[in-house]
Amino acid sequence: MRLRRATTLLVAALAVAPRPGHADPNDTPLRELPGARELLIGAAVMNNFWSAPDAEEYTRALATHFNALTPENQMKPEHLQPQRDTFRFEAADRFVAFAKEHRMTVHGHTLVWHQQNPGWLENGQWTRPALIAALSNHVATVVHRFKDDIAIWDVVNEAMGDNGKFRESFWTRAIGDEDRDGIPDYIGLAFRFARQADRDCILVYNDYGAENPNAKADAILKMMRDLKRNGTPIDAVGFQFHIKGLKFDFSEFRKNARRFASAGFRIYITEADFAIPPPVTPEKLAAQATLCRDMIRAARAIDGCGGVFWWGLTDRHSWLNSPQFGKGGADGLLLDRDYKPKPCHAAVREALR
Ligand code: G3I
């Protein structure tokens, strides 16, 4: 694992992305700054980005500033295995090809979740052995197929409830906790299947709302420690960082993340956005910039923090723009709706120097 990860990071650091004539040093692409040698600087990439009307602007901005990417949706099970045993890799392959072309690391998202599953999986009448076989087949097939191209996988996503109790889903109902260790068995199994398929990949448990010490963070840390203790291959925690209200206490995050680092886990910030409640004002943009600067400073200060990913590239294309999701505001990313760098982009640049 170490060798390929080290190589991946080195390649990302040495990469020189297309440079759209940036004579002004303030325009230096983020990925060329010193901090990006030690930290992946990534963005979630929208569905079918290659065929969007603004594909050219989108891909230019992505390759210019970022040394890592994660597909926002198109590596989730509903996309990869829409029918049982029928895998569709066309879209996933486009992400990998783009990343290779631009020397970017790919963070795969996500192998196991309670959402965005195909109907055959989510609504099936499962016995425990049959669902374990389906889990094994999905994880093994996907991880093995991308074992030379995907350096980091979110293996299990959002298994913990906000109250620090495991979330119920078709996974917990059919597979249960036969070894009675208090952790639903599908979680440990998913990590084991992933490791069997790729001995090098960094295997992540990813969740939201656990950035600062709270009941959920405590429960996730306990779960990860217990899994590690019983020999489950689990390497890292992903803190999502979907932050509403333009307020966040990064000293608390540092404390929290250090607990995970001391327990032997790598840390990733996996899905950051700092939503602005409308209207967008210069003051709110400045508050957002401070948060982004402090996030990068915290990431650089925490031993074992491997990367910071925003959950999107430009405010033009963000999950927060959907009425379904955007209740606490939008405009949470580094580039505005016209692809112009925002104050938070300058703040990240400053923090990466
Ligand atoms: O693809 C269909 C399209 O055919 C249809 O016309 C359209 C109409 O609504 O929906 C499209 O699917 C949407 C899909 O995003 C693609 O845009 C789904 O409705 C929508 O639910 C789905 O939302 C995604 C969401 O996960 C699902 O929970 C967001 O894009 C994605 O940003 C979001 O990402 C999650 C992470 O995976 C896990 N952490 C939280 C994060 C934000 O919720």
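Above this note sits the structure.
Below, the structure is looked at part by part. Note on numbering: residues in each chain are counted from 1, in written sequence order. In keeping with the model being predicted, local features are shown solely for residues with a pLDDT of at least 70 and side-chain atom pairs are shown and tallied solely at 80 or more, while totals for entire chains, interfaces and linings include all residues. To obtain the side-chain values, all non-hydrogen atoms of the structure were included, while hydrogens and water were left out.

**Here's the deal with the overall build of the chain**
As a reminder of what qualifies: A run of H or I in DSSP becomes a helix once it reaches four residues, and a run of E becomes a strand once it reaches two; helices and strands are each numbered from the N terminus. A radius of gyration in this sense is built from C-alpha atoms; the matching globule rule multiplies 2.2 Å by the number of residues raised to 0.38. The cut-offs for exposure are 20% and 50% of the maximum accessible area for each residue type, with area from a 1.4 Å probe on protein chains only; residues under the lower value are buried, those over the upper are exposed, and the others partly exposed.
Broken down by element type, the chain carries 12 helices and 9 strands. For 353 residues, the compact-globule formula gives about 20 Å, and the C-alpha radius of gyration of the chain, at 19 Å, lands near that figure. Dimensions of the chain along its principal axes, counting C-alpha atoms only, are 60 × 45 × 40 Å. Buried residues in the chain amount to 57% of all 353 residues.

**A look at the packing of aromatic side chains**
Given two aromatic rings, their pairing is described by the distance between the two centres and the angle made by the two planes. The condition that has to hold: Aromatic pairs are defined between Phe, Tyr and Trp rings, using the six-membered ring for Trp, whenever the two ring centres lie within 6.5 Å; interplanar angles under 30 degrees are classed as stacked, those over 60 as edge-to-face, and all others as tilted. Here, a charge over a ring is recorded when the distance from Lys NZ or Arg CZ to the ring centre is within 6 Å and its angle to the ring normal is within 35 degrees.
Counted under the stated rule, the structure contains 18 aromatic pairs. Taken together, a centroid distance of 5.8 Å and an interplanar angle of 5° make the contact between Phe241 and Phe250 stacked. Note on Phe241: relative accessible area 0%, which makes it buried. Look at Phe250 and you get buried, because its relative accessible area is 7%. Measuring from centroid to centroid gives 5.1 Å for Trp319 and Phe325, while their planes differ by 50°, and the two rings are tilted. Between the NZ or CZ atom of Arg145 and the centre of the ring of Phe146, over which it lies, the distance is 5.3 Å.

**Details of the pattern of salt bridges**
Put simply, the rule reads: By definition, a salt bridge exists where a carboxyl oxygen of Asp or Glu is found within 4 Å of a side-chain nitrogen of Lys or Arg.
Under the criterion given, the structure shown has 21 salt bridges. Measuring nitrogen to oxygen at the nearest pair gives 3.4 Å for the salt bridge that ties Arg128 to Glu178. Within this pair, whereas Arg128 is found in helix α6 (residues 128-145), its partner Glu178 is found in the loop between α7 (170-175) and α8 (185-197), the two being separated by 50 residues in sequence. A relative accessible area of 59% places Glu178 in the exposed class. The salt bridge involving Asp294 is made with Arg293; its shortest N-O contact spans 3.1 Å. For Arg293, a relative accessible area of 23% puts it in the partly exposed group. If you follow the salt bridges from partner to partner, you end up with Asp54, Arg316 and Asp338 in one network.

**So, the site of the ligand**
Going by this rule: Whether a residue is near a molecule or strand is decided by its heavy atoms; if any one of them lies within 4 Å of it, the residue is near. Two N or O atoms count as a polar contact when they lie within 3.5 Å, although within protein this holds only if one can serve as hydrogen donor and the other as acceptor, and sequence-adjacent residues are included solely when both atoms are side-chain atoms. We get accessible surface area from the Shrake-Rupley algorithm with a probe of 1.4 Å; when it comes to residues, only the shown protein chains can shield them. Only protein atoms enter the 1 Å grid used here, on which a cavity is any set of points holding a 1.4 Å probe that cannot leave and a pocket is any open set flanked by protein within 12 Å on both sides along at least five of seven lines; residues with an atom within 4 Å of a point are listed as lining. Think of it this way: a molecule belongs to a cavity or pocket when more than half its atoms come within 2 Å of the grid points there. Asp, Glu, Lys and Arg are counted as charged, while Ala, Val, Leu, Ile, Met, Phe, Trp, Tyr, Cys and Pro are counted as nonpolar; the rest, among them Gly, fall into the polar class.
Of all residues adjacent to the ligand, which total 17 residues, the nearest are Glu72, Lys76, His109, Glu158 and Glu271. Between the ligand and His109, the relevant distance is 2.7 Å, taken from an oxygen atom to a side-chain nitrogen or oxygen of the residue. Residue Gln116 places a side-chain N or O atom 3.4 Å away from an oxygen atom belonging to the ligand. If the ligand stood free it would expose 790 Å²; the protein chains cover 57% of that surface. When atoms are counted within 2 Å of each cavity's grid points, the one that captures over half of the ligand is the largest pocket. Taken together, the residues of the shell around the ligand break down into 4 nonpolar, 9 polar and 4 charged.

**Side note on the pairing of strand β9 (residues 305-310)**
Cut-off, in case you're wondering: Two strands are counted as paired when DSSP detects at least two bridges linking them. The handedness of a crossover follows from its direction of travel: if, with the strands pointing away from the viewer, the path from the first strand over the helix to the second runs clockwise, the crossover is right-handed.
Burial analysis of β9 places 6 of its 6 residues in the buried class, which makes it a mostly covered element. Here strand β1 (residues 40-45) pairs with β9 via 4 bridges, running parallel. If you follow Gly42 over to β9, its bridge partner there is Phe309. Judged from the 4 bridges that link them, strand β8 (residues 266-274) and β9 form a sheet pairing that is parallel. The partner of Ile269 across the bridge, within β9, is Val308. In this region the chain leaves β8, passes through helix α11 (residues 282-301) and returns to the parallel neighbour β9; the handedness of that crossover is right-handed.

**Concerning the packing of α11 against helix α12 (residues 343-352)**
Defined as follows: Axis geometry follows a simple rule: fit a line to the C-alpha atoms, using only the stretch in contact for helices, then measure angles between N-to-C directions, giving values from 0 to 180 degrees. Angles are sorted into four bins: roughly parallel if under 35 degrees, roughly antiparallel if over 145, roughly perpendicular if 65 to 115, and oblique for all others. If you view the pair so one helix is near and one far, a crossing is left-handed when the near helix is turned anticlockwise from the far one by less than a right angle, and right-handed when it is turned clockwise. Contact definition: two residues touch when any of their heavy atoms are within 4.5 Å.
For the pair α11 and α12, the least separation of the axes is 8 Å and the interaxial angle reads 25°. In terms of their interaxial angle, α11 and α12 are classed as roughly parallel. Classified by chirality, the crossing of α12 by α11 is right-handed. Here Leu285, Gln288, Ala289, Cys292, Arg293, Ile296, Arg297 and Arg300 of α11 lie close against α12, whose contacting residues are Pro343, Cys344, Ala347, Val348, Glu350, Ala351 and Leu352.

**A word on the environment of His317**
Within the element layout of this structure, His317 appears in the loop between β9 and α12. Residues within four places of His317 in sequence aside, it is in contact with Met46, Asp54, Tyr58, Leu333 and Tyr339.

**Considerations on helix α4 (residues 90-101)**
The test is simple: Here, expected helix span is obtained from the residue count minus one, scaled by 1.5 Å. Relevant arc is that of directions from the helix axis to the C-beta atoms, nothing else.
Taking 1.5 Å as the rise per residue, α4 with 12 residues should run 16 Å; its terminal C-alpha atoms sit 17 Å apart, in good agreement. All buried positions along α4 are accounted for by Ala91, Ala92, Phe95, Val96, Phe98 and Ala99. Each buried residue of α4 lies within a common arc of 160° when the element is viewed along its axis, so the set occupies one face. The exposed residues of α4 that point more than 90 degrees off its buried face are Lys100 and Glu101.

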